[in-house]
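The lines below spell out each chain.
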Amino acid sequence: MSSVTGTVTIQQPLNYRAGGRVQPVDGGQAEEVYEPATGRVICKVLCSGQKEVDLAVQSAKAAFKIWSQMSGMERSRVLLEAARIIREQREEIATMETINNGKSIFEARVDIDISWQCLEYYAGLAGSLAGEHIQLPGGSFGYTRREPLGVCVGIGAWNYPFQIACWKSAPALACGNAMVFKPSPFTPVSVVRLAEIFTEASVPKGLFNVVQGGAATGQFLCHHPDVAKISFTGSVPTGIKIMEMAAKGIKPVTLELGGKSPLIIFSDCSLENAVNGALMANFLTQGEVCCNGTRVFVERKILDAFTKEVVKRTQKIKIGDPLLEDTRMGALINRPHLDRVQGFIKQAKEQGAEVLCGGDLWVPDDPKLKNGYYMRPCVLGNCTDDMTCVKEEIFGPVMSILPFDTEEEVVERANNTKFGLAGGVFTRDIQKAHRVVAALKAGMCFINNYNISPVELPFGGYKASGFGRENGRAAIEYYSQLKTVCVEMGDVESVF
Ligand SMILES: NC(=O)C1=CN([C@@H]2O[C@H](COP(=O)(O)OP(=O)(O)OC[C@H]3O[C@@H](n4cnc5c(N)ncnc54)[C@H](O)[C@@H]3O)[C@@H](O)[C@H]2O)C=CC1
Ligand SMILES: C[N+](C)(C)CCCC(=O)O
């Protein structure tokens, strides 16, 4: 693949089943796939119908029979090999991700590193997944077996296409499950590469399959009787629908949904670290990150100093061709989304917020980028808790600054949201730091940093941000089930 923006087209089929790329046997509605940096169509994706979804599930079911019988150590070796191949092909995968998503190559490389680290981590756990032995009276005993669930479905969002697929498939496969994955129709490309890598690493054919499509394809997957579990990353409204469908089949679900997370900056922080943290919390992947700390609460004493510095640094963010080495912000995912983000900024102004920098469209000099979906990262001042920009997830590069006076007040305001994905605090006072994160109603909290992703740590939400966890040991619980075996060593003492 040539790595120049504006040149790539993709011809190969984007479904993956039984160990190879295939065209779907039914459905067939074609959706255009864009390169956000240029607005160019790079391919068309064919949405899968019910028959194709069934074939993918049957293929996974057949592979499950083999994979689930292998030992954890055997599975570990295969996953380690997949991690090695991803590492080896890091540049090619990151380039593909940048072309299809619009994020900078700098960030895409980090995403791919987190992806292979995730596979390595679960490969490491696979060999030690086990039940326990429990002694009972008279020499009898019981034991538990940690068993896989079967065919798991993964449904992904478009902001971290490859990484989301790894966060779901790595623990699923480590536990002995098979998977059918459906990426967002906006970013169908890189996940098929992951499927090929699993095959190259010698998983049984059909263990990891990809079906392409939107809501209709997703519904066929969720309703399929042979699907044992659904892990979903996406918006709250779709999460609700997924849970309703899962309820009909009594299928367990993991929901990684949206957020409107607070970042609390106390006056006793290191200002430089806090400013860096606020940029990390708001501007990765053009702000299209579920756990972003978009409500930046700043203690009034340092409001001016913090605001001045954060605006200065935001204005310096290099926007441009995402495949260039020095670009730090690329293009948003598509035109409707860019318009939506612009709409939030317009509404914020109408409601009394002040645009301290950015928020307007970025107009490139390079003619090949002129139809790309760029905007300047935005900092909003003069915000209040009741404004739409402070309440709703914007999913774009828009930070809202909110002054506060006391710890008690800020904790209450930080928790005053339907969401609960993440939260952060910057302070040098260790007691205060731990006290405040303990009081935050959010699943992923950061002290003196933000938006880093060690795969060893569980990630997931409270409240409307969902439930279940990805990463860390915790994810094992969501991809396995316990069988209890009770063993009698004596005679049966019948009641009858
Ligand atoms: N908590 C987390 O880990 C993350 C959450 N998100 C959230 O995702 C949203 C943005 O992603 P989008 O792709 O726009 O979300 P979305 O909810 O529109 O779509 C997510 C996925 O669900 C599929 N889908 C849509 N309707 C469906 C249905 N009725 N049945 C089955 N599948 C269906 C889509 O095709 C896509 O693959 C944001 O709200 C963001 O906060 C995004 C990334 C990470
Ligand atoms: C990698 N990280 C922490 C920046 C974001 C992960 C969650 C998401 O998929 O939005």
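Residues numbered from 1 in each chain as written. Chains lettered and ligands numbered in written order. Predicted model: local features only at pLDDT ≥ 70, side-chain atom pairs only at ≥ 80, totals over all residues. Heavy atoms only, no water.

**Focus on the overall build of the protein chain**
Stage number 1. Secondary structure assignment for the protein chain yields 15 helices and 20 strands.
Stage number 2. The C-alpha radius of gyration of the protein chain comes to 24 Å, within 12% of the 23 Å expected for a compact globule of 496 residues.
Stage number 3. By its C-alpha atoms, the protein chain is 80 × 55 × 40 Å across when sized along the principal axes.
Stage number 4. The buried share of the protein chain, reckoned over its 496 residues, is 58%.
Stage number 5. Taking the intrachain contacts of the protein chain between residues at least 6 apart in sequence as the baseline, contacts between residues at least 24 apart amount to 74%.
Stage number 6. Surface exposure of the protein chain reaches about 20300 Å², of which carbon and sulfur atoms provide 54%.
Stage number 7. If the 52 positive side-chain charges of the protein chain are averaged to one point and the 54 negative ones to another, these points end up 2 Å apart. (Helix = DSSP H or I, 4+ residues; strand = E, 2+ residues; numbered from the N terminus. Rg over C-alpha atoms; globule rule 2.2 N^0.38 Å. Buried < 20%, exposed > 50% of the residue type's maximum accessible area, 1.4 Å probe, protein only. Contact = heavy atoms within 4.5 Å. Areas by Shrake-Rupley, 256 points an atom, 1.4 Å probe, with all protein chains shown as cover. Lys, Arg positive; Asp, Glu negative; His and termini not counted. Charge placed at Lys NZ, Arg CZ, Asp CG, Glu CD.)

**Quick notes on the UniProt feature "active site" (unreviewed entry) in the protein chain**
Stage number 1. UniProt annotation of "active site" (unreviewed entry) refers to Glu256 when read in the numbering used here.
Stage number 2. Here Glu256 shows up in strand E11 (residues 253–256).
Stage number 3. Taking relative accessible area as the criterion, Glu256 reaches 4% and is therefore assigned buried.
Stage number 4. Among residues more than four places away in sequence, those in contact with Glu256 are Phe232, Thr233, Gly234, Leu421, Phe459, Gly460, Gly461, Ser465, Gly468, Arg469 and Glu470. (UniProt positions renumbered as here; feature names shortened; annotations may be inferred.)

**Here's the deal with the site of ligand 1**
Stage number 1. Neighbouring residues of ligand 1: 29 residues in total, closest Gly156, Lys182, Ser235, Leu257 and Glu393.
Stage number 2. Between ligand 1 and Glu393 there is a distance of 2.6 Å, counted from an oxygen atom to a side-chain nitrogen or oxygen.
Stage number 3. A total of 840 Å² of accessible area belongs to ligand 1 in isolation, and the protein chains cover 88% of it.
Stage number 4. For the shell around ligand 1, the elements supplying multiple residues, two or more each, are helix H7 (215–223), strand E10 (227–233) and helix H8 (236–248). (Near = heavy atom within 4 Å. Polar contact = N/O pair within 3.5 Å; in protein donor to acceptor, adjacent residues only side chain to side chain.)

**Focus on the pairing of strand E12 (residues 262–265)**
Stage number 1. The two faces of E12 match: Pro262 and Ile264 on one face and Leu263 and Ile265 on the other face are all buried.
Stage number 2. Examined bridge by bridge, E12 and strand E13 (residues 295–299) share four bridges and lie parallel to one another. Of the residues in E13, the one forming a bridge with Ile264 is Phe297.
Stage number 3. Tracing the backbone out of E12, into helix H9 (residues 271–283) and back to the parallel element E13 gives a crossover that is right-handed. (Pairing = 2+ DSSP bridges. Right-handed = clockwise from strand over helix to strand, strands pointing away.)

**A word on the packing of aromatic side chains**
Stage number 1. By the definition in use, this model includes eight aromatic pairs.
Stage number 2. Note on Tyr121 and Tyr122: the rings are 5.0 Å apart at their centroids and 85 degrees apart in plane angle, and the pair reads as edge-to-face. For the pair formed by Tyr121 and Tyr122, the shared burial category is buried.
Stage number 3. Relative to Tyr374, the ring of Trp362 has its centre 5.1 Å away and its plane inclined at 70 degrees; by these criteria the two rings are edge-to-face. Of the two residues, Trp362 is situated in the loop between strand E14 (354–357) and strand E15 (378–381) and Tyr374 in the loop between E14 and E15; the sequence distance between them amounts to 12 residues.
Stage number 4. Chaining the aromatic ring pairs together yields one cluster made of Phe181, Phe198 and Phe208.
Stage number 5. One Lys or Arg, Arg87, reaches over the ring of Trp116 and ends 4.8 Å from the middle of that ring.
Stage number 6. A cation over an aromatic ring shows up here: Lys229 above the ring of Tyr479, its NZ or CZ 5.0 Å from the ring centre. (Phe/Tyr/Trp six-rings, centres within 6.5 Å; stacked < 30°, edge-to-face > 60°. Lys NZ or Arg CZ within 6 Å of the ring centre and 35° of its normal.)

**With respect to the sheet that holds E13**
Stage number 1. Reading across the sheet, the seven strands line up as E14-E15-E16-E13-E12-E17-E18 and stay open at both edges, with mixed pairing between neighbours. Edge positions in the open sheet fall to E14 and strand E18 (444–447), since each of these has one partner strand only. Here the average twist between neighbouring strands, direction ignored, is 25 degrees. (Axes fitted to C-alpha atoms, helices over the stretch in contact; angles between N-to-C directions.)

**Description of the side chain of Asp26**
Stage number 1. Here Asp26 shows up in the loop between strand E2 (20–22) and strand E3 (27–35).
Stage number 2. For the buried Asp26, no salt bridge is present, and the opposite-charge side chain at shortest range is Lys51, 5.3 Å distant.
Stage number 3. Of the polar contacts made by the side chain of Asp26, one reaches the backbone nitrogen of Lys51; its length is 2.8 Å.
Stage number 4. Excluding anything up to four places from it in sequence, Asp26 contacts Cys47, Ser48, Gly49, Gln50, Lys51 and Glu52. (Salt bridge = Lys/Arg side-chain N within 4 Å of Asp/Glu carboxyl O.)

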